[in-house]
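A look at the structure
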Amino acid sequence: MAALFKARKALGLCLSCRSFSALAELPETHQLLRQTCRDFADRELTPIAGKLDKEHAFPKKQIQDLGAMGVMAIEVPEELGGAGMDYLAYSLAMEEISRGCASTGVVVSVNNSLYIGPILKNGTEEQKQQWITPFTTGEKVGCFGLSEPGNGSDAGAASTVAQQDGEDWVLNGTKAWITNSWDASATIVFATTDKKLKHKGISAFLIPMPHPGLSLGKKEDKLGIKASSTANIIMEDCRIPLGNMLGPRGAGFKIAMQTLDSGRIGIAAQALGIAQASLDCAADYALKRVAFGAPIGKLQAIQFKLADMGVALESARLLTWKAALLRDSKQPFTKEAAMAKLAASEAATFCAHQAIQVLGGMGYVTDMPAERHYRDARITEIYEGTSEIQRLVIAGQILKEYQ
Amino acid sequence: MSGRVLVGVKRVIDYAVKIRVKPDNSCVVTDGVKHSMNPFCEIAVEEAVKMKEKKLIKEVVVVSCGPQQAMETIRTALAMGADRGIHVEVTGKDYENLGPLQVSKIMAALAKKEDALLVILGKQAIDDDCNQTGQMTAALLDWPQGTFASELSMEGDKIKVVREIDGGLETVKINTPAVITADLRLNTPRYATLPNIMKAKKKKIANVKPADLGVDITSRLEVLRVDEPPQREAGVKVETVDDLLARLKEAGRI
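Residues numbered from 1 in each chain as written. Chains lettered and ligands numbered in written order. Predicted model: local features only at pLDDT ≥ 70, side-chain atom pairs only at ≥ 80, totals over all residues. Heavy atoms only, no water.

The next thing to look at is the overall build of chain B. When you go through chain B residue by residue, the secondary structure sums to seven helices and 11 strands. The principal-axis extents of the C-alpha atoms in chain B amount to approximately 65 × 40 × 40 Å. For chain B, contacts bridging at least 24 residues in sequence account for 70% of all contacts bridging at least 6. Only carbon and sulfur atoms are counted for the fraction: they give 51% of the accessible area of chain B, which is about 14200 Å². Put simply, chain B has 38 plus and 36 minus side-chain charges, and the middle of one group is 6 Å from the middle of the other. (Helix = DSSP H or I, 4+ residues; strand = E, 2+ residues; numbered from the N terminus. Contact = heavy atoms within 4.5 Å. Areas by Shrake-Rupley, 256 points an atom, 1.4 Å probe, with all protein chains shown as cover. Lys, Arg positive; Asp, Glu negative; His and termini not counted. Charge placed at Lys NZ, Arg CZ, Asp CG, Glu CD.)

Here the focus is the packing of aromatic side chains. Residue and element names in this part refer to chain A. As enumerated under the stated definition, the model contains five aromatic pairs over all chains in all. Ring geometry for Phe144 and Phe190: centres 5.2 Å apart, planes at 65°, overall edge-to-face. Here the residue Phe144 occupies a position in strand β1 (residues 141–145), and Phe190 occupies one in strand β4 (residues 184–192), the gap between them amounting to 46 residues. Per residue, the accessibility class of Phe144 equals that of Phe190, and both read buried. (Phe/Tyr/Trp six-rings, centres within 6.5 Å; stacked < 30°, edge-to-face > 60°. Buried < 20%, exposed > 50% of the residue type's maximum accessible area, 1.4 Å probe, protein only.)

So, on to the pattern of salt bridges. All names here are of chain B. Overall, the coordinates contain 43 salt bridges over all chains when judged by the stated rule. Residues Lys34 and Asp14 are paired through a salt bridge, measuring 3.7 Å at the closest nitrogen-oxygen approach. Highlighted residues: Lys34 in the loop between β2 (11–13) and β3 (35–37) and Asp14 in the loop between β2 and β3, separated in sequence by 20 residues. (Salt bridge = Lys/Arg side-chain N within 4 Å of Asp/Glu carboxyl O.)

A few words now on the UniProt feature "domain: Acyl-CoA oxidase/dehydrogenase middle" (unreviewed entry) in chain A. According to UniProt, the feature "domain: Acyl-CoA oxidase/dehydrogenase middle" (unreviewed entry) maps to residues 143–238 of chain A in the numbering used here. Helix makes up 0% of residues 143–238 of chain A and strand 50%, whereas the separation of the span's terminal C-alpha atoms amounts to 17 Å. (UniProt positions renumbered as here; feature names shortened; annotations may be inferred.)

In this complex, chain A contributes 20 residues to the contact, which on the side of chain B involves 15 residues. Across the chain A/chain B interface, buried area totals approximately 1500 Å², and carbon plus sulfur atoms make up 65% of it. Ranking the residues of chain A by area buried against chain B places A:Thr29, A:Leu32 and A:Met69 at the top, with a combined share of 33%. Summed over the shared surface of chain A and chain B, the result is two salt bridges. The salt bridge partner of B:Lys199 is A:Glu78, with a shortest N-O separation of 3.6 Å. (Buried area = accessible area lost by both parts, 1.4 Å probe.)

This part takes up the UniProt feature "domain: Acyl-CoA dehydrogenase/oxidase N-terminal" (unreviewed entry) in chain A. Following the UniProt record, the feature "domain: Acyl-CoA dehydrogenase/oxidase N-terminal" (unreviewed entry) maps to residues 28–139 of chain A here. Structurally, residues 28–139 of chain A is divided into 71% helix and 0% strand, and its ends, taken at the C-alpha atoms, are 29 Å apart.

Let us now look at helix α2 (residues 28–55) of chain A. All names here are of chain A. A rise of 1.5 Å per residue sets the reference length of α2, with its 28 residues, at 40 Å; its end C-alpha atoms lie 38 Å apart and thus fit the reference within 8%. Remark: the principal bend of α2, roughly 50°, maps to Ala49. Positioned one or two residues after α2, His56 has a phi angle of 50°, which is positive. (Expected span 1.5 Å × (residues − 1). Bend = angle between axes of the 7 residues up to and from the residue.)

Let's shift gears to the packing of helix α9 (residues 334–359) of chain A against helix α12 (residues 387–401) of chain A. All names here are of chain A. Closest axis-to-axis distance for the α9/α12 pair is 9 Å, and the angle between their directions is 145°. When the axes of α9 and α12 are compared, the crossing they make is left-handed. Seen from α9, the contacting residues are Thr334, Lys335, Ala338, Met339, Lys341, Leu342, Ser345 and Glu346; seen from α12, they are Ser387, Gln390, Arg391, Val393, Ile394, Gln397, Ile398 and Glu401. (Axes fitted to C-alpha atoms, helices over the stretch in contact; angles between N-to-C directions. Left-handed = near helix turned anticlockwise from the far one by under 90°.)

All names here are of chain B. A grouping of Val236, Val238, Val241, Leu244, Leu245, Leu248 and Ile254 is seen on the molecular surface, where their side chains present a nonpolar patch of about 600 Å² in accessible area. Structurally, Val236 can be placed in the loop between β11 (205–208) and α7 (241–250). For Val236, a relative accessible area of 61% puts it in the exposed group. (Patch = residues over 30% accessible without salt bridge, like charges linked within 9 Å, V, L, I, M, F, W, Y side chains within 5 Å.)

Residue and element names in this part refer to chain A. Among the secondary structure elements, Gln276 is positioned in helix α7 (residues 252–288). A relative accessible area of 13% means that Gln276 is categorised as buried. When near neighbours in sequence (up to four residues on either side) are disregarded, Gln276 contacts Glu95, Arg99, Leu313 and Arg317.

With that out of the way, let us pick up the confidence of the model for chain A. Residues and elements named next belong to chain A. On average, residues of chain A carry a pLDDT of 94, and 95% of them reach 70 or more. Taking the mean pLDDT of every element in chain A, the minimum, 56, falls on helix α1 (residues 2–24) and the maximum, 98, on α9. Confidence drops under pLDDT 50 across residues 10–17; counting only partners more than four residues distant or on other chains, this segment forms two contacts. (pLDDT = per-residue confidence, 0-100.)

Rendered as structure tokens:
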């Protein structure tokens with residue numbers, strides 16, 4: 001018994017040794033991946049990000065290119081058309097893509113974590129072939145329909161209903177704030193199948209888009225991430241085959257929560273990208289802008305801002321990597337993922353805010369990207385679990401450790 | 001013929017980096033500076049991989065000469081689709097003094113050893129801008145050369161090369177085996193795909209030393225001094241052509 005315990009402890013130590021060394025220096029494949037995504041972002045995304053934002057234009061070609069690289073399905077096994085890599089790789093890719101264009105980042109994240117993620121984990125082999133493989137190439141993207149006009153954080157109160165009618169499910173209800181909606185070819189929708197069971201009576205469904213009975217609300221006019229479409233998905237007697245249920249009946253809430261755990265790592269990485277872009281902008285400006293006879297980077301006031309930005313960013317990054325490494329080694333990661341998302345999103349808004357301050361008047365105009373980073377950063381504290389929900393999740397996990 | 005193409009890749013300071021000269025004027029600062037594959041070498045790798053995809057050739061072998069870090073450059077080429085790599089280990093002072101003559105001797109030796117059908121190189125490296133290695137390699141091998149290639153097509157056992165020259169475009173047809181150097185418009189290099197990055201991990205990189213190839217890498221050149229280009233000074237506006245001529249005469253330019 002003691003020997004078994006020692007062996008298991010040793011294995012845990014081994015895994016965490018691997019984790020720690022990755023925190024200090026990434027494995028070679030991951031370094032190469034990071035560099036490749038960075039080059040792509042620098043050459044293909046950064047130059048057009050401002051235009052995509054102004055025109056609210058979906059980056060169709062760039063998403064296709066990213067699909068060809070395997071970035072739209074990073075964790076999906078190669079047999080299904082994905083890149084067959086891990087969540088650390090996903091975090092690195094997400095950060096670099098978002099650093100170039102935050103809107104493109106969220107399209108990538110929703111496809112990977114929120115759409116493909118739950119199908120990979122809960123789908124039948126047939127469902128994986130049908131609903132994952134076409135979505136690995138960048139030709140098609142998916143979305144995730146959980147939030148409703150009446151409930152965001154209160155996900156257990158899903159008012160969308162699904163009733164069995166012969167060989168079909170019939171869905172009625174509205175989903176709100178759905179990223180990728182206007183550009184998607186499929187969505188996962190969570191609907192109540194057994195109202196009496198409350199949150200244990202919610203099930204997950206796969207709906208192709210477009211589809212009879214499914215319509216889209218107007219595109220929301222957002223503060224930031226304007227190149228990604230956000231709208232309501234309205235289902236009116238929307239009929240889908242029985243085989244379109246994802247996972248067991250009543251497992252919907254659990255699937256949603258598990259999915260969001262992983263999605264948090266993707267959004268944390270997106271926030272890191274925005275924070276890094278803000279820091280890059282501010283530091284570059286501080287070295288060039290001359291005031292009081294020298295570049296403003298010589299002034300303590302500016303230096304302290306850059307230092308605070310750096311610390312917030314680097315600590316959030318380490319939390320994100322740790323959450324990814326824990327998930328990759330199949331250890332519990334709920335607490336760390338929530339911490340990463342909380343830290344990274346608050347770092348993004350902080351860095352973007354300070355970047356505008358460093359740039360002064362130039363930070364307020366569209367000639368410089370600082371104002372776009374400020375607008376893009378704000379949503380990271382809200383979607384995929386508000387900062388308040390993250391705090392509840394973290395506190396819950398911490399208290400569990402002491403019971 | 002082996003259907004094998006040898007591609008040389010060089011690790012250089014990234015094109016976007018601001019170059020700084022060391023305070024002792026001995027060389028440029030390389031420590032901690034971002035390096036990447038020479039852009040023309042990327043184009044060379046891309047062309048070779050495309051030829052393999054079109055089944056015109058069978059194997060792409062990528063070569064880089066330098067210290068341990070040259071392996072990163074080889075891996076990047078493997079992730080783009082090259083089949084295997086050869087790292088020719090050159091370190092320290094030898095590496096600092098490594099120039100086109102030494103590299104072309106190495107490439108020539110490897111081309112013979114690997115029974116290469118083609119050697120494809122970038123037209124020049126963006127650090128030294130020598131534009132010599134391809135030409136020297138061809139001369140050492142006594143092979144035909146198609147330099148500044150903007151278009152390549154295999155025609156039986158010959159290769160048609162459209163070359164970008166000062167006056168426009170020149171098309172030549174050369175026998176194989178041959179040496180090609182890639183110019184900017186030959187192709188647009190692909191981004192490595194994630195599955196290929198994973199596959200690159202498993203591809204072999206052989207390690208050899210110049211001595212193993214019977215190559216003497218002693219340099220005939222000695223760098224005396226490196227200086228930054230002079231700071232650009234403000235211009236002067238003149239009112240008339242006569243003024244201009246007078247000013248130019250004053251400055252001893254005419």
